[in-house]
Amino acid sequence: MFSRRDLLAASAVGAAMTASAHAASFGNPDEPPQGAINAKSPGSSIDPGPQNPAIAKQFPSAFSPPATDVGGLPTTWASFNNAARRIQNGGWARQVTVDDFAISKEISGVNMRLSAGGIRELHWHQAAEWAIMTYGTCRVTVLDVQGRPYVGDVKAGDLWYFPAGTPHSLQGLGPDGCEFVICFDDGHADEFNTLLLSDWMAHTPPEVLAKNFGVPVESFANIPLHNLWIFQGTVPGDLAADRTAMSRNVEMPPHPFIFSLEGSRPLKQSDAGTIHVADSTNFNVSTTVASALVTLKPGAVREMHWHPNADEWQYYIKGKGRMTVFNTGPNALTMDFNAGDIGYVRRNYGHYVENVGDTDLQFVGVFRAPRYEEVSLTNWLTHTPPKLVAQHLNIDEAAIAKWPDNSPGIMPKA
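Residues numbered from 1 in each chain as written. Predicted model: local features only at pLDDT ≥ 70, side-chain atom pairs only at ≥ 80, totals over all residues. Heavy atoms only, no water.

Notes on the layout of surface pockets
- Taken as a whole, the largest pocket spans an internal volume of roughly 1,100 Å³.
- Along the walls of the largest pocket sit 29 residues, with Met304, Thr324, Phe326, Tyr352 and Leu377 positioned nearest its centre.
- When residues of the lining of the largest pocket are traced back to their parent elements, those giving at least two are strand S17 (301-306), strand S19 (320-327), strand S20 (331-338), strand S22 (350-355) and helix H7 (377-382).
- For the lining of the largest pocket, the element with the most residues is S17, which contributes six residues.
- Across the lining of the largest pocket, the residue classes tally to 17 nonpolar, nine polar and three charged. (1 Å grid on protein atoms, 1.4 Å probe; cavity = no way out; pocket = protein on both sides within 12 Å on 5 of 7 lines; lining within 4 Å. Points joined across faces, edges and corners; volume = space filled by probe spheres on them. Helix = DSSP H or I, 4+ residues; strand = E, 2+ residues; numbered from the N terminus. Nonpolar A, V, L, I, M, F, W, Y, C, P; charged D, E, K, R; others polar.)

So, the nonpolar core
- Counting 51 residues, the largest nonpolar core has Trp130, Trp160, Phe180 and Trp313 as the members making the most contacts within it.
- Here this core takes seven residues from strand S6 (residues 129-143), the largest share from any one element.
- Aside from chain neighbours lying at most four places away, what touches Trp130 is Leu159, Trp160, Tyr161, Val181, Ile182, Cys183, Ser286, Val289, Ser291, Val364 and Val366.
- Ranked by size, the runner-up nonpolar core spans 27 residues in total, among them Phe59, Trp77, Ala292 and Val325. (Core = buried A, V, L, I, M, F, W, Y, C linked by side-chain atoms within 4.5 Å. Buried < 20%, exposed > 50% of the residue type's maximum accessible area, 1.4 Å probe, protein only. Contact = heavy atoms within 4.5 Å.)

Things to note about the pairing of S19
- Relative to S20, S19 runs antiparallel, the two being bridged by eight bridges. The partner of Lys320 across the bridge, within S20, is Asn338.
- What sits between S19 and S20 in their antiparallel hairpin is a turn of three residues, with Gly329 showing a positive phi close to 140°.
- Bridge count for S19 against S22 is six bridges, and the pairing is antiparallel. Following the sheet pairing, Thr324 is matched in S22 by Tyr352. (Pairing = 2+ DSSP bridges.)

Some remarks on empty space enclosed by the protein
- Scanning all chains against the criterion turns up two cavities of 30 Å³ or more.
- Val294, Arg302, His305, Glu312 and Tyr372 are, among the 14 residues lining the largest cavity, the residues nearest its centre.
- Counting residues per element, the ones that place at least two in the lining of the largest cavity are strand S16 (290-296), S17, strand S18 (312-318), S22 and strand S23 (361-367).
- With three residues, S23 is the largest single contributor of residues to the lining of the largest cavity.
- Considered class by class, the residues forming the lining of the largest cavity number seven nonpolar, five polar and two charged.
- Within this model, the second largest cavity holds a volume of roughly 30 Å³.
- Lining of the second largest cavity is provided by Leu73, Pro74, Thr76, Ile103, Val325, Tyr344, Val345, Arg346 and Tyr349.
- Among the residues making up the lining of the second largest cavity, the classes are represented as seven nonpolar, one polar and one charged.

A closer look at the pairing of S18
- Of all seven residues making up S18, five are buried, and the element is well covered by its neighbours.
- Across four bridges, S18 lies against strand S21 (residues 341-345) in antiparallel orientation. Directly across from Trp313, in S21, lies its bridge partner Tyr344.
- As paired strands, S18 and S23 are joined by six bridges and run antiparallel to one another. Counterpart to Glu312 in the pairing with S23 is Phe367.

Written as structure tokens, this is what we have:
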């Protein structure tokens, strides 16, 4: 009744159904099956070819992704660790722009170090500048658009914000200067191509300088003929003295240009970690950039969520993290992050971050937006009719009732 061809065809269908059933399983949902868990033949998952073990060790999730990863999202990882440093007497800087990190269209990042007395010369930018201090202390000066001067000292965990076009300077304080990370609200912004005081002065006719400042031409005979950018100066004196010297019978700005993010009241806090937020609601001058400082204890996870109003640019300050990003397709990509690395998540992409090390994981998320916004997955589902959620996920309503309904932000290790 059946030919040999019919029997072979039926066997093939049965084998395919068996393989399909094996692939479409909890934790291994895709067809064709993804991940090393599906590699049954001995040579399917090893890499016998040329490789760099030091780099491979840093990216276990790229070498052997979870079986739940799928598709081809653009890479969400970059790093200051392999960015070239521009070193001068007084400090150095390195940067990652959209030219280096294609997904990072809304924000570019700079890592800068200033020695004690080291000066980032007086300058201004086409983009707004937000920064977080990661080491030491720094003195900042700025003049707002109403001509009101501001000077302040910042330490690790503090922020500053300068609107686009606002002139400012940075100088390292004792005993060992400072280091910080800058974000510009434009992925193309370049720290090595800024509007510098020394450049403008050198490229203005001397007679014009004399007329502009109301002094003889000879006063400018020794100005630098090339820009300074970063240079070594003397360590600044007392802050109050600088403040007095700058005021010169003008009023101070109504809001400070610096903010203690780490010292602010946490938005979320538990035994699993903390989330501190700074945006225009509490750091009033920061009208185009919002930020969140996240600290996760070992084993904790930054809960599954997304940001509806902006992309998220991340800087990893300490610890070891693993982040998975989800988009339509489906697409899911997992990458590993260490201190000095940069992550990026486009707006509305679902994601979570897990502390996979044995020390605290800390990173800062930066958003080109006036306010910090997020949507928590558990908060959404626990404020949707339980019967509706149960029908979607084939989960018992009693289990749904145990989910956190307060948008915890950080969840402890199960």
